[in-house]
Number of protein chains: 2
Amino acid sequence: MLNFNYSIPTKVYFGENQINKLGRLIKKQGSRVLLTYGGGSIKRNGIYDKIVEILNSQEISFFELGGIEPNPRLTSVKEGVRICRENNIDFILAIGGGSIIDCSKIIAAGYHYEGEPWDFFVGKARITNALPIGTILTISATGSEMNGNAVISNLETEEKLAVSNEILKPKFSILDPMYTTTVPANQTIAGTVDIMSHVFEQYFSLTKEAFLQDRLAEAVLKTCIKYGPIVVKEPENYEARANLMWASSIALNGLLTYGKITDWATHGMEHELSAIYDITHGIGLGILTSHWMSYVLDESTVDKFAEYGVNVWNIDIKEDKLAMAKKAIAKTKEFFAALGIPATLHEVGINDERLEEMAQKAAGNRGLGSFKKLQKEDILKIYKAAL
Amino acid sequence: MLNFNYSIPTKVYFGENQINKLGRLIKKQGSRVLLTYGGGSIKRNGIYDKIVEILNSQEISFFELGGIEPNPRLTSVKEGVRICRENNIDFILAIGGGSIIDCSKIIAAGYHYEGEPWDFFVGKARITNALPIGTILTISATGSEMNGNAVISNLETEEKLAVSNEILKPKFSILDPMYTTTVPANQTIAGTVDIMSHVFEQYFSLTKEAFLQDRLAEAVLKTCIKYGPIVVKEPENYEARANLMWASSIALNGLLTYGKITDWATHGMEHELSAIYDITHGIGLGILTSHWMSYVLDESTVDKFAEYGVNVWNIDIKEDKLAMAKKAIAKTKEFFAALGIPATLHEVGINDERLEEMAQKAAGNRGLGSFKKLQKEDILKIYKAAL
């Protein structure tokens, strides 16, 4: 097990009606609030009205930035920074999923930085200060509600890049599973795949002696496998929504990463797809995952895939390891297909036109991933297999 | 899943040589430090010297309270409060296992309270303020390094009682698995049983829909089952010590409790034993656990024990549920026996003389536990079965 520094300071208020704590929670943090949200589903399902009612009743001043995109854009970040500066905002309340939260984190950091927020993503500047943020989660997927990560898309440069910083961790997050019962099936599915992909990126690791972390990771995977299909059929199943919501936070709050080398190759490959084609992140991950698994399966990785098969998919331990590994990968693919994830990149409008360029960008100068390091040619083969 | 409020603010510095961060960590918290420790093993294995060297090199003033007992006593708490007040202490550094940390927490709270610290335990006063504390963990067992719990023994009243308070959570904990390599086998074993018992108290629950939490709990149990026997044979096995150390923290930092009704009957019964006979807590738990399991096994609990058998002990799912449950309990008992836990209360010097009195105290006015509520007569039967 590698040395690690554990810090998960976000307070989480989990369950029905936890929104009632919102006024008290905000008052600890600030008095002039920016509300951030997306396309307006929170206006249709009543969450927005409830929040406004609470803020008004507590006499908390607030301003708004709506319309933040899935794959949130640098332009939205800049708009948010402008609003914060003009109105002396001292706290940001993100209402939505990972896109809204990620965008809010960079608005929070950008507020204290004179230059372009994109500088944080290209190594030109380091985040050293940020406005405090809180979140009200409405979709189970990215885990952004409990970590310091943010991913932003720059349409001009066709880049989608990530930063991670302790300062960006939300002060509090309200996780009410009821809020996710109105999420449409396609987004619910994409979210479940995103959670599983986060676990895979940490589970398939060169670190062999983090036994506890691996068993914790399997716990999250089993939860997604159990409840993923249930929420598609029964969107209002509270037990299923609650387990998936908590799984999304646990999957990427650090717990599964501490003490391990992690991979993140599949995410790296997917970010190139959604940077250019603006596809749903979880769908891109779902298409790529089994192809990544098949590509990196070899003598050095077969034990881990076999372990995955036995512990997660209950594959018979008597078969030879390679057969077990292949069966585990096939099970993963079947599960995603049964959820309704498209099987190919073609199905989401991606052809072979820009694969080379994306493979080059994903590989960068140093290659991608660590479980098995991928160079441009490797990535290109994975993209092509997924076409 | 029940509603819950998640808060695990303790920063953990895990791994070899993390002690080198100590000076910086303390300076964030205070300038006049009380070191607390136990019987002196930290003086024999060099940890004490290293800490003193760091404090001296950073010019941090410190005072000392050594000799804190296993099953830490109210008298030690009072002595600690006296030292803190006389020397204007502003930070407590606990070096040791759960006993040292628990004692330090109540010293920290007692410092700000005019009355008797025992008032916190008998409902006469609430903890509302405490000095900040940090810990350097030297034995994997209680999880006190990441939570707000403290258990103190009052020899005068022959009581061993617990409190839990957010304010008592350590600011930081240094977890270096190397520090546990010199822990003797009997204490290592008791620690492993303590970790497993913490999991059982949360796992065997009336809450049936906290699927994720149950799988996380099984992850911790599997870790103890894998590495418990290894550390007995190979005390210096870093991988095993590291996994057990992190398991001890995860087992009782809240992660397995959030969203669930928990039981704590076995702990309640054990506290009566160690309050009077001053036995090692983990040994008492090890003796009682399988008897508690057998006693509470019935139609309403059989499913959970069967699930435990399948998921933790790989018991064949084809047998009938009662047989599976009984096998799981037998496996637990065999595992503890193989670790070297005594089989009976007689072996640790407890006879039937005061069983009635202990059963009465454990049951209190409202009975004990929740998975199956135990009254005095139930507890007495469990004690007698364990004799």
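Everything numeric in this text was worked out from a predicted model, so none of it was measured.

Reading guide: rules and limits
- Residues numbered from 1 in each chain as written.
- Chains lettered and ligands numbered in written order.
- Predicted model: local features only at pLDDT ≥ 70, side-chain atom pairs only at ≥ 80, totals over all residues.
- Heavy atoms only, no water.
- Helix = DSSP H or I, 4+ residues; strand = E, 2+ residues; numbered from the N terminus.
- Rg over C-alpha atoms; globule rule 2.2 N^0.38 Å.
- Contact = heavy atoms within 4.5 Å.
- Areas by Shrake-Rupley, 256 points an atom, 1.4 Å probe, with all protein chains shown as cover.
- Lys, Arg positive; Asp, Glu negative; His and termini not counted.
- Charge placed at Lys NZ, Arg CZ, Asp CG, Glu CD.
- Salt bridge = Lys/Arg side-chain N within 4 Å of Asp/Glu carboxyl O.
- Polar contact = N/O pair within 3.5 Å; in protein donor to acceptor, adjacent residues only side chain to side chain.
- Nonpolar A, V, L, I, M, F, W, Y, C, P; charged D, E, K, R; others polar.
- Pairing = 2+ DSSP bridges.
- Axes fitted to C-alpha atoms, helices over the stretch in contact; angles between N-to-C directions.
- Parallel < 35°, antiparallel > 145°, perpendicular 65-115°, else oblique.
- Left-handed = near helix turned anticlockwise from the far one by under 90°.
- UniProt positions renumbered as here; feature names shortened; annotations may be inferred.
- Domains from an automatic or database assignment.
- Buried area = accessible area lost by both parts, 1.4 Å probe.
- Patch = residues over 30% accessible without salt bridge, like charges linked within 9 Å, V, L, I, M, F, W, Y side chains within 5 Å.
- Buried < 20%, exposed > 50% of the residue type's maximum accessible area, 1.4 Å probe, protein only.
- Right-handed = clockwise from strand over helix to strand, strands pointing away.
- Expected span 1.5 Å × (residues − 1).
- Bend = angle between axes of the 7 residues up to and from the residue.
- Phe/Tyr/Trp six-rings, centres within 6.5 Å; stacked < 30°, edge-to-face > 60°.
- Lys NZ or Arg CZ within 6 Å of the ring centre and 35° of its normal.

J.: Just checking my understanding: could you explain the overall build of chain A for this structure?
T.: Summing up its helical and strand segments, chain A has 14 helices and eight strands in all. On C-alpha atoms alone, chain A measures out to a radius of gyration of 20 Å, which is about the 21 Å that the 2.2 N^0.38 rule sets for 387 residues. Across its three principal directions, the C-alpha atoms of chain A cover 65 × 45 × 45 Å. A fraction of 78% describes how many contacts in chain A between residues 6 or more apart in sequence connect residues 24 or more apart. When the accessible area of chain A is evaluated, it comes to approximately 14400 Å², of which 48% is carbon and sulfur surface. Between the averaged position of the 41 positive side-chain charges in chain A and that of its 46 negative side-chain charges there is a distance of 4 Å.

J.: Looking at this structure, how should I read the interface of chain A and chain B?
T.: Taken residue by residue, the interface counts 41 residues in chain A and 41 residues in chain B. Summed over the shared surface of chain A and chain B, the number is two salt bridges. Across the chain A-chain B interface, the total number found is 20 residue pairs in polar contact (both at pLDDT 80 or more). Counting only elements with at least two residues in the side of chain A that touches chain B, the list comes to β1 (4-14), α7 (211-233) and α8 (238-251) of chain A. Partitioning the side of chain A that touches chain B into residue classes produces 22 nonpolar, 10 polar and nine charged. Examined bridge by bridge, β1 of chain A and strand β1 (residues 4-14) of chain B share seven bridges and lie antiparallel to one another. The residue bridging Y13 of chain A from the neighbouring strand is N5 of chain B, located in β1 of chain B.

J.: When you look at the packing of helix α6 (residues 185-203) of chain A against helix α10 (residues 281-296) of chain A in this model, what are you seeing that I'm missing?
T.: The angle between the axes and the distance between the axes are what describe a pair of packed helices. Residues and elements named next belong to chain A. It is at 8 Å that the axes of α6 and α10 come closest, and there the two elements cross at 45°. Judged on the interaxial angle alone, α10 and α6 are oblique. Helix-helix and strand crossings are classified by hand; for α6 and α10 the assignment is left-handed. Within the contact between the two elements, α6 uses A190, V193, D194, S197 and F200 and α10 uses H281, G282, I283, L285, G286, T289 and M293. Among the residues making up the contact of α6 with α10, the classes are represented as six nonpolar, five polar and one charged.

J.: Just checking my understanding: could you explain the UniProt feature "domain: Fe-containing alcohol dehydrogenase-like C-terminal" (unreviewed entry) in chain A for this structure?
T.: Taking the numbering used here, the UniProt-annotated feature "domain: Fe-containing alcohol dehydrogenase-like C-terminal" (unreviewed entry) corresponds to residues 188-387 of chain A. Along residues 188-387 of chain A one finds 66% helix and 0% strand; the C-alpha atoms at either end are 24 Å apart.

J.: How should the sheet that holds strand β2 (residues 32-36) of chain B be read in this particular structure?
T.: In a beta sheet, neighbouring strands pair by backbone hydrogen bonds and run either parallel or antiparallel. In space, the 12 strands of this open sheet follow the order β3(A)-β2(A)-β4(A)-β5(A)-β8(A)-β1(A)-β1(B)-β8(B)-β5(B)-β4(B)-β2(B)-β3(B), with mixed pairing throughout. A strand with exactly one partner marks an edge of an open sheet, and here the two such strands are β3 (61-65) of chain A together with β3 (61-65) of chain B. The sheet shows a mean angle of 25° between the axes of neighbouring strands, taken without regard to direction. Pairing geometry for strand β2 (residues 32-36) of chain A and β3 of chain A, over five bridges, is parallel. Looking at the pairing, L34 of chain A lines up with F63 of chain A of β3 of chain A. Those strands touched by helix α4 (residues 74-86) of chain A are β2, β3 and β4 (91-96) of chain A, and its axis lies near 160° from that of β3 of chain A. On the sheet, helix α3 (residues 47-57) of chain B packs against β2, β3, β4 (91-96) and β5 (133-137) of chain B and is oriented at approximately 155° with respect to β3 of chain B.

J.: For this particular structure, what's the right way to read the UniProt feature "domain: Alcohol dehydrogenase iron-type/glycerol dehydrogenase GldA" (unreviewed entry) in chain A?
T.: Per the UniProt record, "domain: Alcohol dehydrogenase iron-type/glycerol dehydrogenase GldA" (unreviewed entry) is annotated on residues 9-177 of chain A. The annotated region residues 9-177 of chain A carries 29% helix and 25% strand content, and the separation between its end C-alpha atoms amounts to 21 Å.

J.: Where do I start with the domain arrangement of chain A in this structure?
T.: When the parts of a complex come together, some accessible area is lost, and that lost area is often used as the size of the interface. Residues and elements named next belong to chain A. Segmentation of chain A into domains returns domain 1 (11-179) and domain 2 (182-386). The interface of domain 1 with domain 2 comprises 30 residues on the first partner and 30 residues on the second. Carbon and sulfur atoms supply 55% of the area buried between domain 1 and domain 2, which totals about 2300 Å² over both sides. It is S140, E158 and K160 that lose the most area in domain 1 upon contact with domain 2, and together they represent 26% of the buried surface on that side. Counting every contact that joins domain 1 to domain 2 gives three salt bridges. Note that K160 and E270 form a salt bridge whose closest N and O atoms lie 3.9 Å from each other. Taken together, the connections running from domain 1 to domain 2 amount to 10 residue pairs in polar contact (both at pLDDT 80 or more).

J.: I would appreciate a short explanation of the side chain of S290 of chain A in the present structure.
T.: Note on placement: S290 of chain A falls in helix α10. In this structure S290 of chain A touches I329 and K333 of chain A, once residues within four positions along its chain are discounted.

J.: Looking at this structure, I do not really get a nonpolar patch on the surface. What am I missing?
T.: All names here are of chain A. A cluster of nonpolar side chains, namely L2, L206 and I261, defines an oily patch on the protein surface of about 220 Å² accessible area. With respect to the helices and strands, L206 occurs in the loop between α6 and α7. The class of L206 is partly exposed, set by a relative accessible area of 43%.

J.: I tried to follow the pairing of strand β5 (residues 133-137) of chain A on my own but got confused; where do I start?
T.: Note on strand geometry: in a regular strand, side chains alternate between the two faces of the sheet. All names here are of chain A. Most of β5 is tucked away, with five of its five residues classed as buried. Burial along β5 is two-sided: the residues I133, T135 and L137 and G134 and I136 are all buried. Here β4 runs beside β5; their pairing, made up of five bridges, is parallel. Residue A94 lies in a different strand from β5, and its bridge partner there is T135. Traced from β4 through helix α5 (residues 98-110) to β5, the parallel crossover comes out right-handed. Of the pairings in the sheet, the one linking β5 to strand β8 (residues 172-175) comprises four bridges and is parallel in character. Counted as the bridge partner of I136 is I174 from β8.

J.: I would appreciate a short explanation of unusual backbone geometry in the present structure.
T.: If a residue is not glycine, its phi is most likely negative; likewise, a peptide bond is most likely trans. Residue and element names in this part refer to chain B. Despite not being glycine, N71 has its phi angle at roughly 55°, a positive value. Residue classification places N71 among the buried positions, given a relative accessible area of 9%. At W264, a residue that is not glycine, the phi angle is positive and equals roughly 70°. For W264, the location among the structural elements is in the loop between α8 (238-251) and α9 (265-277).

J.: It is not clear to me how the pattern of salt bridges should be interpreted in this structure. Could you clarify?
T.: Think of it this way: side chains of opposite charge can pair up when their charged atoms draw near. Residues and elements named next belong to chain A. Overall, the coordinates contain 34 salt bridges over all chains when judged by the stated rule. With a closest N to O distance of 2.8 Å, R354 and E357 form a salt bridge. The exposure class assigned to E357 is partly exposed, which follows from its relative accessible area of 32%. Salt bridges linked by common partners bring D214, R215, E218, K260, K304 and E307 together as one network.

J.: Where do I start with α7 of chain A in this structure?
T.: Owing to its 3.6 residues per turn, the α-helix aligns residues three or four sequence positions apart on the same side. All names here are of chain A. In a regular helix each residue adds 1.5 Å, so 23 residues correspond to 33 Å; α7 covers 34 Å between its end C-alpha atoms and thus fits that length. Residue Y227 marks the point of greatest curvature in α7, where the axis turns by about 30°; the proline P229 follows within four residues. Counting buried residues in α7 gives 18 out of 23 residues, a clear majority hidden from the surface.

J.: Is there a simple way to explain the packing of helix α9 (residues 265-277) of chain A against helix α14 (residues 376-386) of chain A in this structure?
T.: Residue and element names in this part refer to chain A. Close contact between α9 and α14 brings their axes to 11 Å; oriented N to C, the two are set at 65°. Of the two elements, α9 crosses α14, and the hand of that crossing is right-handed. Here M269, E272 and L273 of α9 come into contact with α14, specifically with I379, I382 and Y383. Along the lines of polarity and charge, the residues of the contact of α9 with α14 split into five nonpolar, no polar and one charged.

J.: How do you make sense of the packing of aromatic side chains when you look at a structure like this?
T.: Geometrically, a pair of aromatic rings is defined through the distance of the ring centres and the angle of the planes. Within the structure shown, the criterion is met by 48 aromatic pairs over all chains. Between W292 of chain B and F371 of chain B, the ring centres sit 6.1 Å apart and the planes meet at 40°, which makes this aromatic pair tilted. Taken together, the residues span a long stretch of sequence, with W292 of chain B in helix α10 (residues 281-296) and F371 of chain B in the loop between α13 (355-363) and α14 (376-386) at a distance of 79 residues. Ring pairing ties together the aromatic residues F200, Y203, F204, W292, F305, Y308 and F371 of chain A, which thus form one cluster. Lying over the aromatic face of F211 of chain B, R215 of chain B brings its terminal NZ or CZ to 4.4 Å of the ring centre. Above the ring of Y203 of chain B, the side-chain terminus of K304 of chain B is found at 4.1 Å from the ring centroid.

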